[in-house]
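Structural overview
The residues making up each chain are set out below.
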Amino acid sequence: MKYSPLGDSGLSVSRVCLGSMTWGLQNNQSDADQQIDYALSKGVNFIDTAEMYAVPPSADTYGKTEAIIGDWLSRNKDKREDIVLATKIAGPGFSYIRDNAPITGDNVIKAVDGSLQRLQTDYIDLYQLHWPNRSTPHFGNHWPNGMSQLREASKQHIENKLDILEGLAKCVAAGKIRHCGLSDDTPWGISQYLRLSEQHNLPKMVSIQNEFSLLHAKDWPYLIEQCANENIAYLPWSPLATGALAGKYLNGARPQGSRWTLIQRNGLFRDTPQSQQAVAAYVDVAESHGISPVKLALGWCDQVDGVTSSIIGATSMAQLREDIDAFAEPLPAEVLSDISEVFKRYPAPF
């Protein structure tokens with residue numbers, strides 16, 4: 001296993017980050033125990049979760065993933081210091097999470113306390129803002145005019161960011177969290193947090209996790225360039241495009257128990273004719289080189305300049321083994337060349 005610095009944090013994280021959002025719905029405690037134990041045995045030291053998990057989110061599954069991790073930690077206290085544990089505060093959008101309230105300094109403190117209790121730990125290594133309070137060009141909203149407003153009350157949002165940073169600072173001072181990060185944000189969002197942190201001597205954001213894959217690479221080079229120059233770790237989530245790049249959804253297939261058989265809060269916006277064509281082409285490339293589509297997609301993501309650690313997720317041990325094995329050896333130059341040809345044909349298929 002290879003490791004990379006987590007931005008300015010001083011922490012070193014494995015190039016593979018174990019995602020956990022299926023635990024509590026598609027996977028139970030026993031499944032999670034097996035996944036964590038196996039990942040650690042392969043050198044993975046980075047686990048990512050969120051208060052709103054399991055996914056798809058619901059009032060019934062809210063907090064269950066953190067509780068499952070907490071159960072494992074309660075039985076493996078000696079391994080806590082070996083893990084970089086990351087979780088996230090939910091933004092507005094759910095009536096059952098703080099009455100649909102936005103992220104504020106006070107709500108950060110409340111959410112951190114809730115996560116600590118469920119995780120059964122004294123501290124969180126990386127505490128992230130799951131999504132901003134404002135509209136952002138994510139989840140299919142990245143096309144021109146896809147956002148509801150481009151300059152929606154920017155002064156108010158800047159004041160809100162300062163309030164959030166002050167809440168995070170209190171948690172850092174109390175020893176409840178070690179470092180802070182972003183998720184599903186933009187260069188403007190990063191810039192404002194960096195500016196406010198420097199002006200007010202508040203914690204710096206050390207990472208950002210955004211969707212990034214062969215089907216959705218809009219962050220390169222612009223946002224990733226900023227991350228590299230500001231020493232902010234870039235953490236791709238869904239490097240398999242919610243499983244699509246494995247090829248299992250081609251021609252309308254829906255394997256039993258797979259993610260696309262579940263209700264999707266934002267719909268199956270990744271399932272377009274262009275995405276189907278792109279995936280089929282990538283599967284052909286993989287087959288022509290005698291590797292799996294999973295190896296191709298994850299290996300490509302890992303070699304992208306600026307990527308720190310890719311967040312993977314699995315519902316079975318077979319999937320987890322294949323995912324982790326995909327990072328063992330870099331893709332040969334001829335494979336990357338063939339991938340590039342397909343990528344240029346389908347640069348933004350959804």
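So, here is what we can say about the structure in this document. This is a predicted model, so every value here is computed, not measured.

On to unusual backbone geometry. Backbone phi values are negative for most residues with the exception of glycine, while trans is the configuration of most peptide bonds. Alanine 54 follows tyrosine 53 through a cis peptide bond whose omega is 20 degrees. With respect to the helices and strands, alanine 54 occurs in the loop between strand 4 (46–48) and helix 2 (64–75). Here tryptophan 220 and proline 221 are connected by a cis peptide whose omega angle stands at 5 degrees. Locating proline 221 in the fold gives a position in the loop between strand 8 (205–211) and helix 6 (222–230). One non-glycine residue with positive phi stands out, namely alanine 241, at about 55 degrees. On the secondary structure map, alanine 241 appears in the loop between strand 9 (233–237) and helix 7 (273–288). Residue alanine 241 is classed as buried on the basis of its relative accessible area of 0%.

A separate point is the environment of glutamine 192. Mapped onto the elements, glutamine 192 comes out in helix 5 (residues 187–200). Classification of glutamine 192 by relative accessible area gives buried; the value is 10%. Spatially, the C-alpha atoms of glutamine 192 and valine 172 are 20 Å apart, while their sequence positions differ by 20 residues. If sequence neighbours within four positions are ignored, glutamine 192 has contacts with Ile158 and Lys161. A polar contact of 2.8 Å, which involves the side chain of glutamine 192, links it to the side chain of arginine 195.

The subject of this paragraph is the packing of aromatic side chains. In this structure the tally under the stated criterion is nine aromatic pairs. Ring centres of phenylalanine 212 and tryptophan 300 lie 5.7 Å apart, and the angle between their planes is 15 degrees; on these two criteria the pair is classed as stacked. Remark: tryptophan 300 occurs in helix 8 (residues 293–303) and phenylalanine 212 occurs in the loop between strand 8 and helix 6; sequence separation between them is 88 residues. Across the pair, exposure class does not vary: phenylalanine 212 and tryptophan 300 are buried alike. Ring pairs connect the aromatic residues Tyr62, Phe94, Tyr96 and Trp131, which therefore count as one cluster. Note that arginine 265 overlies the ring of tryptophan 131, its terminal NZ or CZ placed 5.9 Å from the centroid. It is arginine 321 that lies over the ring of tyrosine 38; its NZ or CZ is 5.6 Å from the centre.

Here we come to helix 6. The periodicity of an α-helix, 3.6 residues per turn, causes residues three or four positions apart to be oriented the same way. Those residues of helix 6 not exposed but buried are Leu223, Ile224, Gln226 and Cys227. Down the axis of helix 6, the buried set is contained in an arc of 155 degrees. They therefore lie on one face. Opposite the buried face of helix 6, by more than 90 degrees, sit the exposed residues Tyr222, Ala228 and Asn229. Looking at the packing, one finds that the buried side of helix 6 touches helix 5, strand 8 and strand 9. Asparagine 231 sits one or two positions beyond helix 6 and adopts a positive phi of about 55 degrees.

This part is about the pairing of strand 8. Counting buried positions along strand 8 gives seven out of seven residues, so the element sits mostly inside the fold. Bridge analysis of strand 7 (residues 177–183) against strand 8 gives three bridges, and the strand direction is parallel. In the strand pairing of strand 8, serine 183 is matched with glutamine 209. Handedness of the strand 7-helix 5-strand 8 crossover: right-handed. Both strand 8 and strand 9 contribute to a ladder of five bridges, which runs parallel. Residue isoleucine 208 lies in a different strand from strand 9, and its bridge partner there is tyrosine 234. For the handedness criterion, the β-α-β arrangement of strand 8, helix 6 and strand 9 is classed as right-handed.

Basis of the calculations
- Residues numbered from 1 in each chain as written.
- Predicted model: local features only at pLDDT ≥ 70, side-chain atom pairs only at ≥ 80, totals over all residues.
- Heavy atoms only, no water.
- Helix = DSSP H or I, 4+ residues; strand = E, 2+ residues; numbered from the N terminus.
- Buried < 20%, exposed > 50% of the residue type's maximum accessible area, 1.4 Å probe, protein only.
- Contact = heavy atoms within 4.5 Å.
- Polar contact = N/O pair within 3.5 Å; in protein donor to acceptor, adjacent residues only side chain to side chain.
- Phe/Tyr/Trp six-rings, centres within 6.5 Å; stacked < 30°, edge-to-face > 60°.
- Lys NZ or Arg CZ within 6 Å of the ring centre and 35° of its normal.
- Arc of directions from axis to C-beta.
- Pairing = 2+ DSSP bridges.
- Right-handed = clockwise from strand over helix to strand, strands pointing away.

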